[in-house]
Amino acid sequence: MRDVAIVAFAQSDHLRRTDELSEVEMLMPVLHRVLDTTGLRAGDIGFTCSGSTDYLAGRAFSFTMALDGVGAYPPISESHVEMDGAWALYEAWVKILTGEADTALVYAYGKSSSGEVRDVLTRQLDPYYVGPLWPDSVALAALQAQALIDAGETDETALAAIAARSRAAAVDNPHAQLKGPVPAGEYVVRPLRTGDCPPVGDGAAAVILAAGDTARALCPRPAWIRGIDHRIEAHSLGVRELTRSPSTRLAAERAGAFERPVDTAELHAPFTSQEVVLRKALGLDDSVTVNPSGGALAANPVMAAGLIRLGEAAARIHRGESDRALAHATSGPCLQQNLVAVLEGESAHA
Amino acid sequence: MPDILSAPLVVAFPFTRSLGPVQSAFLTGLRERTVLGVRTGDGKVLVPPVEYDPVTAQEIRELTEVAATGTVTTWAWNPAPRPGQPLDTPFAWVLVRLDGADTALLHAVAAPGPEAVRTGMRVRIRWASERTGAITDIACFEPYDAEAGRPAPHSGEFTDPVHGIVTPARLDYRYTPGRAQSAYLGALSERRTVGERCPSCDKVYVPPRGACPTCGVATAEQVEVGPRGTVTTYCIVNIKAAHTANLDIEVPYVYAHIALDGADLALHARIGQIPYDQVRMGLRVEPVWTEGGRHPDHYRPTGEPDADYDAYKELL
Ligand SMILES: [Zn+2]
């Protein structure tokens, strides 16, 4: 099988509002930066894949407008997933493995400021039994958090510590939206307080994938994708064991995460309580640096936050700060779907 | 830089959904104050019921009645209810395992405060006074300390079963078109049409979106185009508009692509003041503004000779 690596990563500054920018105006500088990193031009890219959702913008086919930022003429090979960009990266990885492309541009963006993201996300729920009750994203995460507290796996103090650690780590992240000491705040939906919840904001991210020697030519230390897998659980919350994430566990197994220890983990946990579930599923102990970027608690551009986990993990390998990193992305309520990738720098495998 | 525009944008739709046999029985049951579950191959009772076993994916149809009482398996106190949620005063979100069921249902518990709710608490259904066959026929749950009810077989047959539901959805947005389109709309309010030139390929895009779709680079240089232009292609519309703003437009009418002079992209607009069957490719047109209008109402012939095909063939 071909070796495929993440060779470049760029992201926008993540901001509460970006009224002066259309989606393509927000995305384009990120695309230019990621291309500049490799010296590639848009026309050199073999495959382009993006992740976003119309529900954030409230407009049909909004991703076609964002394509203007790519330079889609002469015609390019392109695809879109109505998912986080992490799943677009998965599609691009498959495209390169099949030999249909040597390079791929993957991007994702979300402008949550256009609407009320808590209400918008209710529209992804079962439309017969759950959607008509409009349970918002914080409410569903809070049900999971209470289940963890009842099971004795965490408490509000431990959750606040996760928030504090994430926001402290984000001080070194120039793109983060929330950083430094952030008060725990009032209950949004008890037991989750403001500090346990991600900021709402606008942002975009992009990565470039390349195969074999092309990757080596484009990047001094490519982040090789040693394995990547994604799994989904039953939609109905009532049939799931909310304190566990068997889909994360299985995806990590299939991605080879447990073959050797990782030194870094970028976890897509928009709520503090979800980090508790993910750490257990992935068997992460204190020897692993978790979310040195600050994670989704520091910046959570919906549809891009998962791709950013892959990008941040890869960037640490590019910089020589990690030899073997795990990156995780999630989608759906209470960690319904999970993607795990294992990335390695060249020397780690010698 | 011009003021950045923003405007309310409402997306609302009454989604009509059909029900399969299991969902139909469950929702009809709620209308009749009866809660039905479905039994899986290994004997578990799922409430709310599904048509396929979540573990084996086998089709399941065996319905069972469960009690209207149950136990809270997890909860979350909601101090500030949002539009559409079951109660408009603070309440607890809950997963409730009804007596006789092996899985839990998501709903709300009415309680005076968070101290009145706990995992393991006993609750019963408070039925909505008017029931139509929907999950909202359960108004909410309420605390209830009593014996557990028992499951009983049920045929799932009712007179006048519910076969479909309507689930209205409304989301409120504030649309902000960004820098380039704000400038375009601002110029239109002065009856000018402004595009943007690509610094790489020199093409002028109208309306501008801030990027050249060919080169993938930012456009910034504003260029006034028009007001006159050429019809590049058109269609004849025979469906009367339903929108209140367009009720006075008689059918058939012509909708056309118009290449404004100086633009490298055609925009589209209605053609008026000429019989619909006399509109043609190459027709020269100009905008007609109505009093207070923020964009041209329609375009009309200028009376100039038609443009040569070669002059606009690249814009088709
Ligand atoms: Zn251009």
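Overview of the structure. (Residues numbered from 1 in each chain as written. Chains lettered and ligands numbered in written order. Predicted model: local features only at pLDDT ≥ 70, side-chain atom pairs only at ≥ 80, totals over all residues. Heavy atoms only, no water.)

**Re the overall build of chain B**
When its secondary structure is counted, chain B shows 3 helices and 19 strands. On the principal axes, the C-alpha backbone points of chain B span a range of 90 × 45 × 40 Å. Counting over 316 residues, chain B shows a buried share of 47%. Across chain B, every contact between residues at least 6 apart in sequence was considered, and the portion connecting residues at least 24 apart equals 58%. Split by element, the accessible area of chain B, about 16,000 Å² in all, is 50% carbon and sulfur. On chain B, the mean spot of the 30 positive side-chain charges and the mean spot of the 38 negative ones are 3 Å from each other. (Helix = DSSP H or I, 4+ residues; strand = E, 2+ residues; numbered from the N terminus. Buried < 20%, exposed > 50% of the residue type's maximum accessible area, 1.4 Å probe, protein only. Contact = heavy atoms within 4.5 Å. Areas by Shrake-Rupley, 256 points an atom, 1.4 Å probe, with all protein chains shown as cover. Lys, Arg positive; Asp, Glu negative; His and termini not counted. Charge placed at Lys NZ, Arg CZ, Asp CG, Glu CD.)

**Looking at the interface of chain A and chain B**
Many structure descriptions define interface size as the accessible area lost when the parts assemble. Between chain A and chain B, the contact holds 53 residues from the first and 60 residues from the second. Across the interface of chain A and chain B, roughly 4,600 Å² is buried in total on both sides, 61% from carbon and sulfur atoms. Area buried by chain A at its contact with chain B is led by Tyr128, Tyr129 and Leu133 of chain A, which between them contribute 19% of it. At the surface where chain A touches chain B, the tally comes to 4 salt bridges. A salt bridge links aspartate 68 of chain A to arginine 209 of chain B, with the nearest nitrogen and oxygen atoms 3.8 Å apart. Put simply, chain A and chain B have 18 residue pairs in polar contact (both at pLDDT 80 or more) between them. (Buried area = accessible area lost by both parts, 1.4 Å probe. Salt bridge = Lys/Arg side-chain N within 4 Å of Asp/Glu carboxyl O. Polar contact = N/O pair within 3.5 Å; in protein donor to acceptor, adjacent residues only side chain to side chain.)

**Some thoughts on the coordination of the zinc ion**
Residue and element names in this part refer to chain B. Coordination of the zinc ion by the protein involves Cys198 (SG), Cys201 (SG), Cys212 (SG) and Cys215 (SG), with metal-donor separations of 2.2 to 2.3 Å. Coordination at the zinc ion comes from 4 donor atoms whose angles at the metal span 107 to 115 degrees, giving a geometry best classed as tetrahedral. On the basis of relative accessible area, cysteine 212 is assigned to the buried category, the value being 0%. (Donors = N, O, S within 2.8 Å, 3.2 Å for Na, K, Ca; no water. Tetrahedral: all angles 85-135°; square planar, octahedral: opposite > 155°, others 65-115°.)

**Looking at the sheet that holds strand 4 (residues 63-66) of chain B**
Residues and elements named next belong to chain B. Strands sit in the order 3-2-4-10 across an open sheet of 4 strands; the sheet is antiparallel. At either margin of the open sheet sits one strand with a lone partner, and together these are strand 3 (45-46) and strand 10 (152-153). Pairing analysis gives 4 bridges linking strand 2 (residues 35-39) to strand 4, with the strands arranged antiparallel. Considered in strand 4, the bridge of glycine 37 is made with threonine 64. Packing of helix 1 (residues 21-31) onto the sheet brings it into contact with strand 2 and strand 4, and relative to strand 2 it is tilted by some 155 degrees. (Pairing = 2+ DSSP bridges. Axes fitted to C-alpha atoms, helices over the stretch in contact; angles between N-to-C directions.)

**With respect to the pattern of salt bridges**
The full count for this structure, using the stated rule, is 46 salt bridges over all chains. Between glutamate 344 of chain A and arginine 226 of chain A there is a salt bridge; the shortest N-O distance is 2.9 Å. You can see glutamate 344 of chain A sitting in strand 12 (residues 337-344) and its partner arginine 226 of chain A sitting in strand 8 (residues 223-232), a full 118 residues away along the chain. Judged by relative accessible area, which is 1%, glutamate 344 of chain A ranks as buried. The closest approach of N and O atoms between arginine 197 of chain B and glutamate 221 of chain B, which form a salt bridge, is 3.5 Å. A residue pair is termed long-range when its members are at least 10 positions apart, and arginine 197 of chain B in strand 12 (residues 193-197) and glutamate 221 of chain B in strand 14 (residues 221-225) qualify at 24 residues. Judged by its relative accessible area of 26%, arginine 197 of chain B falls in the partly exposed class. A relative accessible area of 45% places glutamate 221 of chain B in the partly exposed class. One salt-bridge network, held together by shared partners, links Arg228, Asp261, Arg284, Glu286, Arg300 and Glu304 of chain B.

**Notes on the nonpolar core**
Residues Leu192 of chain A together with Phe26, Val35 and Phe141 of chain B are the most contacted members of the largest nonpolar core, which totals 82 residues. A per-element tally of this core places helix 6 (residues 137-150) of chain A first, with 8 residues. Ignoring sequence-local partners within four residues, the contact set of valine 35 of chain B consists of Phe26, Leu30, Val47, Thr64, Glu65, Val66, Ala67, Leu98, Ile125 and Trp127 of chain B. Ranked by size, the runner-up nonpolar core spans 39 residues in total, among them Val4, Val81, Ile308 and Leu310 of chain A. (Core = buried A, V, L, I, M, F, W, Y, C linked by side-chain atoms within 4.5 Å.)

**Some thoughts on the side chain of glutamate 233 of chain A**
Residue and element names in this part refer to chain A. Considering the arrangement of structural elements, one finds glutamate 233 in the loop between strand 8 and helix 9 (246-254). A polar contact of 2.4 Å, which involves the side chain of glutamate 233, links it to the side chain of serine 247. Residue contacts for glutamate 233: discarding those within four places in its chain leaves Arg240, Ser245, Pro246, Ser247, Leu335, Gln336 and Asn338.

**Things to note about the packing of aromatic side chains**
Inspection of the entire model under this criterion finds 6 aromatic pairs over all chains. Ring geometry for tyrosine 90 of chain A versus tryptophan 93 of chain A: centroids 5.6 Å apart, planes at 50 degrees, classification tilted. One end of the pair, tyrosine 90 of chain A, and the other, tryptophan 93 of chain A, are both in helix 4 (residues 85-97), 3 residues apart, so they sit about a helical turn from each other. For tryptophan 93 of chain A, a relative accessible area of 11% translates into the label buried. Considering the side-chain rings of phenylalanine 91 of chain B and tryptophan 93 of chain B, the 5.0 Å spacing of their centres and the 70 degrees angle between planes classify their relative orientation as edge-to-face. A single burial state applies to phenylalanine 91 of chain B and to tryptophan 93 of chain B, both of which are buried. A cation over an aromatic ring shows up here: arginine 193 of chain A above the ring of tyrosine 187 of chain A, its NZ or CZ 4.1 Å from the ring centre. (Phe/Tyr/Trp six-rings, centres within 6.5 Å; stacked < 30°, edge-to-face > 60°. Lys NZ or Arg CZ within 6 Å of the ring centre and 35° of its normal.)

Everything listed is a geometric property; what it means functionally is a separate question.
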